[in-house]
Amino acid sequence: MGGVSFEGGSPPPSYPGKLTPYVLLTVLAGAAGGLIFGYDLGISGGVTSMAPFLEKFFPDVYERQQSITSTNQYCKFNSPTLQLFTSSLYLAALFASLAAGEVTKKFGRRISMMMAGFIFLFGAALNAGAVHLSMLILGRILLGIGIGFANQSVPLYLSEMSPYNYRGRFNICFQLMITIGILCANLINFGTAKISGGWGWRLSLGLAGVPAVIILIASFFLSDTPNSMVQRGREIEAKALLKRIRGVDDVDAEFNDMLAAKNEADLVESPWRNLFGTKCYRPQLAMSILIPFFQQFTGINVIMFYAPVLFQSLGFGSDASLISSVITGVVNMFATGVSIYGSDRWGRRSLFLEGGVQMFIFQSLIAGLIGWRFGVSGNVTDIPFLIFPLEVRSAAQSVTVAVNMAFTFIVGQCFLTMLCSMKYGLFIFFAFFVAVMTLFCYFFMPETKNIPIEEMTQVWRSHWFWKRFMNEPNDPVNKAIAMSKLRDRV
Ligand SMILES: OC[C@H]1O[C@](O)(CO)[C@@H](O)[C@@H]1O
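Here the structure is a predicted model, which is why all the values come from computation and not from measurement.

**Q** Residue-level account of the overall build of the chain, with values.
**A** Across its full length, the chain carries 21 helices and zero strands. For the chain, with 490 residues in total, the buried portion stands at 58%. Carbon and sulfur atoms form 67% of the exposed surface of the chain, whose accessible area is close to 19400 Å².

**Q** Provide a residue-level description of the state of the cysteines, including the pertinent values.
**A** The full count for this structure, using the stated rule, is one disulfide. Across the disulfide from Cys75 sits Cys420; the S-S distance is 1.9 Å. Disulfide Cys75-Cys420: torsion about the S-S bond near 95 degrees, hence right-handed. With respect to class, Cys75 is no different from Cys420; both count as buried. Cysteine Cys173 is unpaired, with the sulfur of Cys184 as its nearest cysteine sulfur at 15 Å. Cys173 sits in the partly exposed class, given a relative accessible area of 28%. Considering cysteine sulfurs only, Cys420 is the nearest to Cys414, which forms no disulfide, with 13 Å between them. With a relative accessible area of 28%, Cys414 lands in the partly exposed category.

**Q** Could you give me a rundown of unusual backbone geometry, with the residues and numbers involved?
**A** When glycine is set aside, most residues are seen to have a negative phi, and most peptide bonds are trans. We note that Lys423 has phi near 55 degrees; this positive angle belongs to a residue other than glycine. Looking at the element boundaries, Lys423 is found in the loop between α18 (390-422) and α19 (425-444).

**Q** Tell me what's going on with a nonpolar patch on the surface, and back it up with residues and numbers.
**A** A contiguous nonpolar patch, built from Leu25, Leu28, Trp199, Leu203, Leu207, Val210 and Ile214 and spanning about 580 Å² of accessible area, is present on the exposed surface. Breaking the nonpolar patch down by element, the ones donating at least two residues are α1 (21-48) and α9 (209-221). Checked against the element boundaries, Leu28 lands in helix α1. Residue classification places Leu28 among the partly exposed positions, given a relative accessible area of 45%.

**Q** Just give me the short version of the side chain of Gln363, but keep the residues and values in it.
**A** Here Gln363 shows up in helix α17 (residues 348-374). Of the residues examined, Gln363 reaches a relative accessible area of 4% and is grouped as buried. Of note is the side chain of Gln363, whose polar atom sits 2.7 Å from the backbone oxygen of Thr298. If near-sequence neighbours (up to four positions away) are discounted, Gln363 is found in contact with Thr298, Gly299, Phe427, Phe430 and Ala431.

**Q** If you had to explain the packing of helix α14 (residues 282-297) against α18 to someone new, which residues and values would you point to?
**A** Running from amino to carboxyl end, α14 crosses α18 at an angle of 25 degrees, the nearest separation of the two axes being 8 Å. Classified by the angle between their axes, α14 and α18 sit roughly parallel to one another. Regarding α14 and α18, the two cross each other, and that crossing is right-handed. Along the contact surface, α14 presents Leu285, Ser288, Ile289, Pro292, Phe293, Gln295, Gln296 and Phe297, while α18 presents Val399, Thr400, Val403, Asn404, Phe407, Thr408 and Val411. Tallied by class, residues from the contact of α14 with α18 come to nine nonpolar, six polar and no charged.

**Q** Got a sec to walk through the pattern of salt bridges? Specific residues and values, please.
**A** Any two side chains of opposite charge can pair, given that their charged atoms come close. Enumeration over the complete set of coordinates arrives at 10 salt bridges. For Lys239, the salt bridge goes to Asp252, with nearest N and O atoms at 2.9 Å. Here the residue Lys239 occupies a position in helix α11 (residues 235-246), and Asp252 occupies one in helix α12 (residues 252-266), the gap between them amounting to 13 residues. A residue is classified by how much of its surface remains accessible, and Lys239, at 25% relative accessible area, is partly exposed. Accessibility expressed as a relative area gives 37% for Asp252, which makes it partly exposed. With a closest N to O distance of 2.9 Å, Asp266 and Lys262 form a salt bridge. In this pair, Asp266 and Lys262 both sit in helix α12, four residues apart, roughly one turn of the helix.

**Q** Lay out the environment of Leu216 in plain terms, naming residues and giving numbers.
**A** Checked against the element boundaries, Leu216 lands in helix α9. The spatial distance from the C-alpha of Leu216 to the C-alpha of Asn186 is 24 Å, given a sequence separation of 30 residues. In this view, Leu216 contacts Met114, Gly117, Phe118 and Leu121; residues no more than four positions away in its chain are not counted.

**Q** Before we move on, can you summarise the side chain of His463 with the specific residues and values?
**A** Here His463 lies in the loop between α20 (456-462) and α21 (476-489). Reaching out from His463, the side chain makes a polar contact with the backbone nitrogen of Trp466 at a distance of 3.3 Å.

**Q** I'd like to hear about the packing of helix α6 (residues 133-161) against helix α7 (residues 167-192), residue by residue, with values.
**A** Where α6 contacts α7, the two axes come as close as 8 Å, and the packing angle between them is 155 degrees. If you check the angle between α6 and α7, you find them roughly antiparallel. Between α6 and α7 lies a crossing whose hand is right-handed. Judged by residue contacts, Asn151, Val154, Pro155, Leu158 and Ser159 of α6 engage Arg167, Phe170, Asn171 and Phe174 from α7. Here the residues of the contact of α6 with α7 are counted per class, giving five nonpolar, three polar and one charged.

**Q** Which residues make up the packing of aromatic side chains, and what values go with them?
**A** Summed over the entire model, instances satisfying the criterion amount to 33 aromatic pairs. Taking 5.0 Å as the distance between ring centres and 25 degrees as the angle between the ring planes, the aromatic pair formed by Phe293 and Phe297 counts as stacked. Taken together, the residues Phe293 and Phe297, both in helix α14 and four residues apart, mark about one turn of the helix. Accessibility expressed as a relative area gives 17% for Phe293, which makes it buried.

**Q** Pulling in residues and values, what's your account of the environment of Glu447?
**A** In this fold, Glu447 is placed in the loop between α19 and α20. In sequence terms Glu447 and Val411 are 36 residues apart; their C-alpha atoms lie 29 Å from each other. From its side chain, Glu447 meets the backbone nitrogen of Arg349 in a polar contact 3.0 Å long.

Cut-offs applied
Residues numbered from 1 in each chain as written. Predicted model: local features only at pLDDT ≥ 70, side-chain atom pairs only at ≥ 80, totals over all residues. Heavy atoms only, no water. Helix = DSSP H or I, 4+ residues; strand = E, 2+ residues; numbered from the N terminus. Buried < 20%, exposed > 50% of the residue type's maximum accessible area, 1.4 Å probe, protein only. Areas by Shrake-Rupley, 256 points an atom, 1.4 Å probe, with all protein chains shown as cover. Disulfide = S-S within 2.5 Å. Patch = residues over 30% accessible without salt bridge, like charges linked within 9 Å, V, L, I, M, F, W, Y side chains within 5 Å. Salt bridge = Lys/Arg side-chain N within 4 Å of Asp/Glu carboxyl O. Polar contact = N/O pair within 3.5 Å; in protein donor to acceptor, adjacent residues only side chain to side chain. Contact = heavy atoms within 4.5 Å. Axes fitted to C-alpha atoms, helices over the stretch in contact; angles between N-to-C directions. Parallel < 35°, antiparallel > 145°, perpendicular 65-115°, else oblique. Left-handed = near helix turned anticlockwise from the far one by under 90°. Nonpolar A, V, L, I, M, F, W, Y, C, P; charged D, E, K, R; others polar. Phe/Tyr/Trp six-rings, centres within 6.5 Å; stacked < 30°, edge-to-face > 60°.

Below, the structure is given as structure tokens:
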């Protein structure tokens, strides 16, 4: 259904180039970008289950947690401010990712990465030293701004730096680093919860500064991407850099495609208006909104944010609850490893379908088990960072990140309240969305395995559903293609 073949088109180009040490170094920046996001996803759950933290900032929840007489386990942690501690970060990240789109495009990917590291570092310091709830929330907002900038710029940076045949793997490495960040945070919480004196949570929150320092230093020393240099009119420098990062002199084919992409981009006055108003971007736009939407409505971040709290609500002790997060973190990281191994072998679409079926079964099982234990009381293979044509790339990346953050915020802000009112039915709610997601992937998601970014348009043109959006003579891409054909003939 979603398979794609190139209809009469030329085979995908293959640009000469190697995986040079310089390119491998860029992975470091990417790694740090993924780590800061993952660390934050993983750290808040454990911290919000630590008694000294709750006692200091959320005394009402603390009292409820301590009272053994509470009968309604589902509502033990129900607190909008506690949820705000988790979710405020993602709301800030949402707005920051939109602003970052402009910065990344006008000033380059590196500047956005630098800003990410810098602002994030401030946030981590504020959180570690927090003496009042407002300091804590302000710190979370700064972390969110940092994450918005990092998530907008780092995936672009990685995919533009990598040789085209490594792009999929580089991109998914960002996701792998997110899961490593989550696991590190889970392990750190497990350790810091044991620190006597009740200040372990400060260490948990403060250690977020470590990956921020790495990304900050990396962004001072690494260069910008050749694509971004071309986009800003620095062609000679861009070509020299391309030779250096590819480790070969013959970069003409790739460089000429970059120039052509830039010329197409120049025809576009407003990438935002273009992205939302032009029919030929509909398929990519739909994917960039729906994939992060479904991703969040699988319920993955309920587990990431609230597993320790959830396990405590279900009657586990503090230690067992933190261990449960570590176990989830390990499984999540290994599953991402499997999807890295498989994305170019089995294809992205098959991974989505397999992940969907697996999540549906287990969400239903969770609902059943919790319902059985309390009466009326996941593993994701996700590839969310999509790559667009240059003319709308920065704006579209902002959309993907903003949608991801918006729904992460909603899930973070509503889960404890929804658990209190929907009880085990909440997991049936998530299972339903997983089923919808799997059907959507089956019918509408084309396979993109081994397809270079530049050839993605061809994929949409050949898809049974999306092709209806791709044949507008007036859209800027078709105009540019027609113009270049004309030029070739002259
Ligand atoms: O690995 C799971 C994690 O990955 C993300 O989906 C980001 O791509 C997070 O929202 C989630 O916590």
